[in-house]
Amino acid sequence: MQLVIRDTTQFMSEEDLAAMSAFLVGLNDGGAAPARSGDRTGTEALIASADPDMPLGARLYIDNCNACHFADGRGADEVFPELDGNALVTAESPTGLISMILNGSELPSTPKRPYSPRMPGFADRLTDKEAAELASFVRQGWSNDAAGVGADDVADLRGDAKAKVE
């Protein structure tokens, strides 16, 4: 998305952006996102408990993700994306999420939004098992219901990235 924003959409007119938005919403049968209750999810309660015996994925979330994406997984509007219900998080293939955890991402600065928020990559501080536990926690937390991730999935992706660098 960084290239899309940096090289194209920031230069579109408001009318073009509205038309594109309407088209994308239409792909989803025009249905609105499901309403969220104000009730605390099990994931949110687990994170808030800060129980030292909680599963590894939850502990890693608290240490690496909670400051920006929060205990409710909703992030901060227009700054940090929601993880609850996020298409990248719940995609059939976990590759995009694993890549995001390992490599991070940065939004480009534009005239309308001159800041450039960055999510750091955690490849240098998380083992394959830890990255898989974190990805699984996020894919199965809140209202998400995606398959877990194995350490071999992370190792394969990390190996592919190293091979491209070498």
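All of these numbers come straight from a predicted model, not from anything done at the bench.

What counts and how
- Residues numbered from 1 in each chain as written.
- Predicted model: local features only at pLDDT ≥ 70, side-chain atom pairs only at ≥ 80, totals over all residues.
- Heavy atoms only, no water.
- Helix = DSSP H or I, 4+ residues; strand = E, 2+ residues; numbered from the N terminus.
- Contact = heavy atoms within 4.5 Å.
- Salt bridge = Lys/Arg side-chain N within 4 Å of Asp/Glu carboxyl O.
- Buried < 20%, exposed > 50% of the residue type's maximum accessible area, 1.4 Å probe, protein only.

This part takes up the side chain of His69. On the secondary structure map, His69 appears in helix 5 (residues 66-69). Excluding its chain neighbours within four sequence positions, the residues that come into contact with His69 are Tyr61, Arg74, Gly75, Phe80, Pro81 and Leu83.

Glancing now at the pattern of salt bridges. Scanning the entire structure with this criterion turns up three salt bridges. Across the pair Asp128 and Arg158 runs a salt bridge, and its minimum N-O distance is 2.7 Å. Of this pair, Asp128 sits in helix 8 (residues 128-140) while Arg158 sits in helix 9 (residues 151-165), and the two are 30 residues apart along the sequence. Given the relative accessible area of 14%, Arg158 is considered buried. Close ionic contact of Glu133 with Lys129 constitutes a salt bridge, the shortest N to O distance being 3.8 Å.

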